[in-house]
Amino acid sequence: MKVNLLGKHEKDKRACRDAVALTLKDMMAADKNVCYIDCDLMGCINTKQLAAAWPDRALQAGIAEGNAAGVAAGMAAADKTVFFHSFGTFSSRRCYDQIYMSAAYAGLPVHVLGSDAGVTAAFNGGTHMPLEDAAMYMSIPEATVCDPADYEQLASVIRQLPQAAKGVSFTRFVRKDVKQVYGEGTEFTVGKGIVLHESAEDQATVIASGIMLDEALLAYEQLLAEGIRVRVIDMFTWKPLDEELVVKAARETGAIVTAENHNVTCGLGGAVASCLAGNCPTAQEFVGVQDQFGQVGPQDYLMDVYGLRAANIVAAVKKVIGRK
């Protein structure tokens, strides 16, 4: 695995929605079996270009996610490689039964893309704020669930899914305005975590993904300035979890902090806790949304309100070290 870590905490000039549109454009050009279904959001996800180029393979289902999921399953049954997009709330809660029964239960690999993950729904408010979307898909047998951090990682995940996912997959992402963590040329493998900082003196491990990865890197710098060394792992695949890496970090550092833009009761933190309980019981602290509903507001405000900041990770690290 080749990692080009930038870690400058600068906004990516590229929008993640273009990672979706341009990557799918390349895939559709190369393979006539790749299809795309959208739910009246082609404008905001920049995928109108797919419909213009391949009107028979880039379909507009309208505001009808349940129907779109059924169509996606039907196309997958006809050996098509299907990607289905809507806002994260609607590509999870609104069509869960159709995805579960028509696609997953039938063994059909539909690849679901959920945009505006967690608090990044911002001014769209609580009705559009998915804080449980990943959990719903993690409950589906053999599903693959990913939470990529930036353009480079999202594009890589989308390219890999047709081969990497055994069944249904769900990838949550932010449409635009994300911090660029990785430079070009970075290689990712779905199902494998990435160690970004590591030393023999690490006192704890921070496991993060998505928008929380840059916050974890900021926390690493702040802790290092205080003489506290921590390991930082990007766990962009929540299911299947890289349990071997989690257990290794727990045994070597003796303390774990998870950081996620999701409800802590049922997401990355819960998956890590379950892994540790069965393999290596370890002190753990959870940074994320603490069993709350979403609300309206700018993303920066929401990250402060829900405790999704580097400062919250720093405090959690100090607390978990004290519990060792």
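For the structure itself, consult the block above.
Residues numbered from 1 in each chain as written. Predicted model: local features only at pLDDT ≥ 70, side-chain atom pairs only at ≥ 80, totals over all residues. Heavy atoms only, no water.

Peer 1: Describe the overall build of the protein, listing the residues and the values that go with them.
Peer 2: A count of helical and extended segments in the protein gives 12 helices and 12 strands. Here the protein has a C-alpha radius of gyration of 19 Å; the compact-globule value for 324 residues is 20 Å, and the two agree. For the C-alpha atoms alone, the extent of the protein along its principal axes is close to 60 × 40 × 40 Å. Out of the 324 residues in the protein, the part that is buried amounts to 58%. (Helix = DSSP H or I, 4+ residues; strand = E, 2+ residues; numbered from the N terminus. Rg over C-alpha atoms; globule rule 2.2 N^0.38 Å. Buried < 20%, exposed > 50% of the residue type's maximum accessible area, 1.4 Å probe, protein only.)

Peer 1: I'd like to hear about the packing of helix α4 (residues 65-77) against helix α5 (residues 96-104), residue by residue, with values.
Peer 2: Pairs of packed helices are described in terms of their axes, by the angle between the two and the distance that separates them. Running from N to C, α4 and α5 cross one another at 10°; their axes reach a closest spacing of 9 Å. By the angle class used here, α4 and α5 are roughly parallel. Judged by residue contacts, G66, A69 and A73 of α4 engage Q98, I99, S102 and A103 from α5. A class-by-class count of the residues in the contact of α4 with α5 yields 4 nonpolar, 3 polar and no charged. (Axes fitted to C-alpha atoms, helices over the stretch in contact; angles between N-to-C directions. Parallel < 35°, antiparallel > 145°, perpendicular 65-115°, else oblique. Contact = heavy atoms within 4.5 Å. Nonpolar A, V, L, I, M, F, W, Y, C, P; charged D, E, K, R; others polar.)

Peer 1: Outline the sheet that holds strand β4 (residues 110-115), supporting the account with residue identities and numerical values.
Peer 2: With mixed pairing, 7 strands are arranged side by side in an open sheet as β2-β1-β3-β4-β6-β5-β10. Two strands lie at the open edges of the sheet, namely β2 (58-60) and β10 (237-239), each paired on one side alone. Across this sheet, the average inter-strand angle for adjacent strands is 20°, counted without regard to direction. Of the pairings in the sheet, the one linking strand β5 (residues 144-146) to β10 comprises 2 bridges and is antiparallel in character. (Pairing = 2+ DSSP bridges.)

Peer 1: Go over the sheet that holds strand β9 (residues 230-234), please, and point to the residues and values.
Peer 2: Strand-to-strand pairing in sheets goes through backbone hydrogen bonds, with the strands running parallel or antiparallel. Reading across from one edge, β7-β9-β8-β11-β12 is the order of the 5 strands in this open sheet, with mixed pairing throughout. What marks the edges here is a single partner per strand, and that holds for β7 (194-197) and β12 (283-289). For this sheet the average axis-to-axis angle between neighbouring strands, irrespective of direction, equals 25°. With 6 bridges joining them, strand β11 (residues 255-263) and β12 adopt parallel strand pairing. Following the sheet pairing, I256 is matched in β12 by Q284. Across the sheet, helix α12 (residues 310-323) is in contact with β8 (204-208), β9, β11 and β12; its angle to β12 comes to roughly 160°.

Peer 1: Can you explain the state of the cysteines? Please cite residues and give values.
Peer 2: As enumerated under the stated definition, the model contains 0 disulfides in all. The thiol of C44 is unpaired, and the distance to the nearest cysteine sulfur, on C39, comes to 11 Å. With no disulfide of its own, C146 has C16 as its nearest cysteine by sulfur position, at a separation of 14 Å. (Disulfide = S-S within 2.5 Å.)

Peer 1: Describe the pairing of β11, naming the residues involved and giving the relevant values.
Peer 2: Judged by how many residues are buried, β11 sits mostly within the fold: 9 of 9 residues are covered. Two strands pair when backbone bridges link them, and β8 and β11 are joined in this way by 4 bridges, in the parallel orientation. Residue A208 lies in a different strand from β11, and its bridge partner there is A259. As for the winding sense of the linkage, the β-α-β connection from β11 through helix α10 (residues 268-279) to β12 is right-handed. (Right-handed = clockwise from strand over helix to strand, strands pointing away.)

Peer 1: I'd love a proper account of the nonpolar core, names of residues and values included.
Peer 2: Side chains that are nonpolar tend, in soluble globular proteins, to be buried together. In this structure, L24, Y36, F83, V230 and I313 are the most contacted members of the largest nonpolar core, which totals 68 residues. The leading source of residues in this core is helix α8 (residues 212-225), at 7 residues. Setting aside its immediate chain neighbours within four residues, F83 contacts L24, M27, V34, C35, Y36, I37, H111, L113, I158, L161 and P162. Listed in part, the 42 residues of the second largest apolar core include C95, A134, V168 and F170. (Core = buried A, V, L, I, M, F, W, Y, C linked by side-chain atoms within 4.5 Å.)

Peer 1: Provide a residue-level description of unusual backbone geometry, including the pertinent values.
Peer 2: Note that the residue after K239, namely P240, is joined by a cis bond; omega there is -5°. Along the polypeptide, P240 turns up in the loop between β10 and α9 (243-253). Not every positive phi belongs to a glycine, and D40 is a case in point at roughly 65°. Position of D40 relative to the elements: it lies in the loop between β1 (34-38) and α2 (42-45).

Peer 1: Any details on α8? Residues and values, ideally.
Peer 2: Relative to the 20 Å expected for 14 residues at 1.5 Å per residue, α8 spans 20 Å between its end C-alpha atoms, a close match to the ideal helical length. Buried within α8 we find M212, L213, D214, E215, A216, L217, A219, Y220 and L223. G227, located one to two residues past α8, shows a positive phi value of around 85°. (Expected span 1.5 Å × (residues − 1).)

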